[in-house]
Amino acid sequence: MIPEQFRQFMQDLKHATETGKARWETSLINGYTCEKEEFSFGIWHKRHEHNGMDVIGFTVSAPSGRTRFLVEGSDADFGDMSDIYAAASAAANRFPERLKNLFRA
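Here the structure is a predicted model, which is why all the values come from computation and not from measurement.

About the criteria used
- Within each chain, residue numbers correspond to sequence positions counted from 1 in written order.
- Predicted model: local features are reported for residues with pLDDT of at least 70 only, side-chain atom pairs are reported and counted for 80 or more only, and whole-chain, interface and lining totals are derived from all residues.
- Hydrogens and waters are ignored; side-chain quantities use all the structure's heavy atoms.
- We define the nonpolar core as a collection of buried residues of types Ala, Val, Leu, Ile, Met, Phe, Trp, Tyr and Cys that are connected through side-chain atoms lying within 4.5 Å of one another.
- Relative accessibility under 20% of the residue-type maximum defines a buried residue, over 50% an exposed one, and the middle range a partly exposed one, all with a 1.4 Å probe and only protein chains included.
- Helix and strand definitions follow DSSP, with helices as H or I runs of at least four residues and strands as E runs of at least two, each counted in order from the N terminus.
- The contact criterion used is simple: two residues touch if any of their non-hydrogen atoms lie within 4.5 Å.
- DSSP-based pairing: two strands are paired if at least 2 bridges between them are found.
- Think of each axis as a best-fit line through the C-alpha atoms, taken over the contacting stretch in the case of a helix, with angles from 0 to 180 degrees between the N-to-C directions.

## Here we look at the nonpolar core
Right, so step 1: One finds Met10, Trp24, Ile43, Phe58, Phe69 and Met81 to be the most contacted residues of the largest nonpolar core, which totals 23 residues.
Right, so step 2: Secondary-structure elements contributing two or more residues to this core are helix 1 (7-18), strand 2 (31-36), strand 3 (39-47), strand 4 (54-62), strand 5 (65-72) and helix 2 (78-92).
Right, so step 3: If near-sequence neighbours (up to four positions away) are discounted, methionine 10 is found in contact with Ile2, Phe58, Phe69, Met81 and Ile84.

Structure below.
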């Protein structure tokens with residue numbers, strides 16, 4: 001589940017990603033990272049080997065500390081987290097810019 005304290009922030013982050021205000025890069029953990037002011041965000045996706053369930057993880061770090069949460073495929077928030085992960089993935093790979101004029105003649 002997305003913790004209640006992070007619900008609005010996650011929607012704001014998705015919007016910032018879609019509008020280019022949040023810039024994502026690929027990371028070494030098979031996910032994506034975003035640096036903004038003193039904060040570092042990370043998002044990743046994996047499938048548990050033991051139960052086959054998809055999981056999306058999110059981390060926020062600042063000089064004062066770090067926290068993370070996981071959203072499993074069976075959680076009600078999984079669709080929202082999947083949308084955020086997809087937006088971060090597309091932004092990190094620069095697909096919106098690269099595909100913008102692909103089919104325009």
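From this point, the narrative continues.
## Quick notes on the sheet that holds strand 4
Right, so step 1: Strand order in this open sheet of 5 strands is 1-2-3-4-5, and the pairing throughout is antiparallel. Edge strands, defined here as strands with exactly one partner in the open sheet, are strand 1 (24-26) and strand 5. Direction aside, neighbouring strands of the sheet carry axes that sit 20° apart on average.
Right, so step 2: Relative to strand 3, strand 2 runs antiparallel, the two being bridged by 6 bridges. Each bridged residue has a counterpart across the sheet, and for threonine 33 the counterpart in strand 3 is glycine 42.
Right, so step 3: Packed onto the sheet, helix 1 meets strand 1, strand 3, strand 4 and strand 5 and runs at close to 90° relative to strand 4.
Right, so step 4: Here helix 2 sits on the sheet and contacts strand 1, strand 2, strand 3, strand 4 and strand 5; the angle it forms with strand 4, its principal contact strand, is near 65°.

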